[in-house]
Amino acid sequence: MNRPAPVSRILGTGHYLPEKIVTNDELSTYVDTSDAWIQERTGIRQRHVAEPAIATSDMAAEAAKRALEAAGVAASEIDLILVATVTPDHQLPATAVFVQQKIGAGPVPSLDLAAACAGFVYGLTIADQFIASGAAKRVLVIGVELLSRILDWKDRTTCVLFGDGAGAVILGPAEESTAANGKRQGLLATHIQSDATLAQSLWIPAGGTRLPITAALIDEAENKVHMKGQDIFKVAVKNLFSSSKKVLEKSGLGPDDIDWICPHQANLRIIDSAVNMLGADKEKVLVNIDRVGNTSSASIPILLDESIRSGKVKSGDTVLMCALGAGISWGAAIVTI
Ligand code: ACO
């Protein structure tokens, strides 16, 4: 099914990474691991870790300010704020309201959405629908995670994988905007999906209503991330491929029409396998996992912004984004910048 024309487009992007860097060698002083193991199995060399004074909304607001500046949009023009995160400042209220306050936005709806690593693609999809219905004209979509606070730093199977950071985009109506290369700019297709079959393969068992926190649960690190890595690996490859295929079909494009693939940065081996299945050119794959690790919902918008600011991704380029994470939740989107 061909979608006639995009309704929304990306007006600007921004990202923020905390200054502090933790290398694999430093990690190997906390847990029984090595730089060689981590690089070979995941492609990660280092990750950024937020200092104790920094909260999720601080990083989100920095990324948002940079996206607003790039878009030439004032905070007062934003009429919806969506913050994709599984590491909120507080359980109550939403992190989005702190972002709203920090950037100086008006009294607009602001909400968090929890779809883990797929959160940014979920956010784009929702923002696109708000613009399509005419309910919003300028939407701020943020993917932000402060995962270092929810990791068990004694668990080598999880603590080596993740990092902190934030990425943001401003979405507005596509109207008749055309890039210099003549391509219509905008979001061409999205696809999102969830399935609880593997909900316990990547989760935080305690601290919610199912298992309220106790001192004993804290001692057992049940309030930290637990993961069955191989369960996730298999479905990640399968579903990144299937959702990418779906958005290609929806937009009437083939792998050769895509200029860049901006995949969720979970593991280089997952990315390679999914791109192989898709039959896409490896040269088109954007990667920063070596420098930032897996930043969950922040992963795609950080990579997208870095690639635009470095001049690699240019106006008129068509980008395929795909992500999968806890839930499991996954999705993909195609956008012409
Ligand atoms: N350092 C050294 N050894 C380790 C480490 C480590 N950091 N972690 C695990 N090992 C050991 C294991 O204990 C095991 O030892 P054993 O054979 O003596 O039992 C051995 O290495 C192999 O473990 P596996 O789990 O089989 O290793 P695998 O090759 O599957 O790699 C990994 C593990 C990297 C986690 C992989 O399964 C993976 O990337 N899965 C996807 C999970 C993921 O990316 N999650 C992120 C969130 S979801 C998402 O973003 C898609």
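Our structure's up above, just so we're on the same page.
Please read these numbers as outputs of a predicted model, since none were measured by experiment. (Residues numbered from 1 in each chain as written. Predicted model: local features only at pLDDT ≥ 70, side-chain atom pairs only at ≥ 80, totals over all residues. Heavy atoms only, no water.)

Draft legend 1. A look at the overall build of the chain. Within the chain, the secondary structure is distributed over 11 helices and 13 strands. Whereas a compact globule of 337 residues would reach a radius of gyration of roughly 20 Å, the chain reaches 19 Å, a difference of no more than 12%. The 337 residues of the chain split such that 55% are buried. Here the chain displays about 14100 Å² of accessible surface, and carbon together with sulfur accounts for 53% of that area. Taken as two groups, the 31 positive and 37 negative side-chain charges of the chain have centres that lie 3 Å from each other. (Helix = DSSP H or I, 4+ residues; strand = E, 2+ residues; numbered from the N terminus. Rg over C-alpha atoms; globule rule 2.2 N^0.38 Å. Buried < 20%, exposed > 50% of the residue type's maximum accessible area, 1.4 Å probe, protein only. Areas by Shrake-Rupley, 256 points an atom, 1.4 Å probe, with all protein chains shown as cover. Lys, Arg positive; Asp, Glu negative; His and termini not counted. Charge placed at Lys NZ, Arg CZ, Asp CG, Glu CD.)

Draft legend 2. Spatial organisation of the nonpolar core. Counting residues in each nonpolar core, the largest one holds 43 residues, and the members touching the most others are Ile261, Leu320, Leu324 and Ile334. If you list the elements that add at least two residues to this core, you get β8 (186–194), α8 (229–251), α9 (268–278), β12 (318–325) and β13 (329–336). Ranked by residues supplied to this core, first place goes to α8 with 8 residues. Once residues within four sequence positions are removed from consideration, Ile261 is found in contact with Val275, Ala280, Lys284, Val285, Leu286 and Leu320. Judged by nonpolar contacts, the second largest core, of 32 residues, contains Ala118, Tyr122, Ile131 and Ala136. (Core = buried A, V, L, I, M, F, W, Y, C linked by side-chain atoms within 4.5 Å. Contact = heavy atoms within 4.5 Å.)

Draft legend 3. Structural context of the packing of α8 against α9. As a packed pair, α8 and α9 sit with axes 9 Å apart at the nearest point and diverge in direction by 40°. The orientation of α8 relative to α9 falls into the category oblique. As α8 packs across α9, the resulting crossing turns out to be right-handed. Of α9, the residues touching α8 (which contributes Phe233, Ala236, Val237, Leu240, Phe241, Ser244, Lys245 and Leu248) are Arg269, Ile270, Ser273, Ala274, Met277 and Leu278. Split by residue class, the contact of α8 with α9 holds 10 nonpolar, 2 polar and 2 charged. (Axes fitted to C-alpha atoms, helices over the stretch in contact; angles between N-to-C directions. Parallel < 35°, antiparallel > 145°, perpendicular 65-115°, else oblique. Left-handed = near helix turned anticlockwise from the far one by under 90°. Nonpolar A, V, L, I, M, F, W, Y, C, P; charged D, E, K, R; others polar.)

Draft legend 4. Spotlight on the packing of aromatic side chains. Inspection of the entire model under this criterion finds 1 aromatic pair. Look at Tyr30 and Trp153: their rings are 6.2 Å apart centre to centre, the planes differ by 85°, and that puts the pair in the edge-to-face class. Of the two residues, Tyr30 sits in the loop between α1 (24–27) and α2 (35–42) while Trp153 sits in the loop between β6 (139–146) and α6 (156–159), which places them 123 residues apart along the sequence. A relative accessible area of 43% means that Tyr30 is categorised as partly exposed. (Phe/Tyr/Trp six-rings, centres within 6.5 Å; stacked < 30°, edge-to-face > 60°.)

Draft legend 5. Expanded view of the pairing of β6. Of all 8 residues in β6, 8 are buried; the element is thus mostly enclosed. On β6, burial covers both faces: Val139, Val141, Gly143 and Glu145 on one face and Leu140, Ile142, Val144 and Leu146 on the other are all buried. As paired elements, β6 and strand β7 (residues 164–173) share 8 bridges and run antiparallel to each other. Considered in β7, the bridge of Leu140 is made with Ile170. (Pairing = 2+ DSSP bridges.)

Draft legend 6. Broad picture of the pairing of strand β11 (residues 260–263). A two-sided burial pattern is seen for β11, the buried positions comprising Trp260 and Cys262 on one face and Ile261 and Pro263 on the other. Two strands pair when backbone bridges link them, and β11 and β12 are joined in this way by 4 bridges, in the parallel orientation. Bridging from a neighbouring strand, Pro263 pairs with Cys322 of β12.

Draft legend 7. Fine view of helix α4 (residues 95–103). Within the span of α4, buried status applies to Thr95, Ala96, Val99, Gln100 and Ile103. Seen end-on, α4 carries its buried residues on one side only, within an arc spanning 145°. Packing partners of the buried residues in α4 comprise α3 (56–71), β4 (80–84), β5 (110–113) and β6. (Arc of directions from axis to C-beta.)

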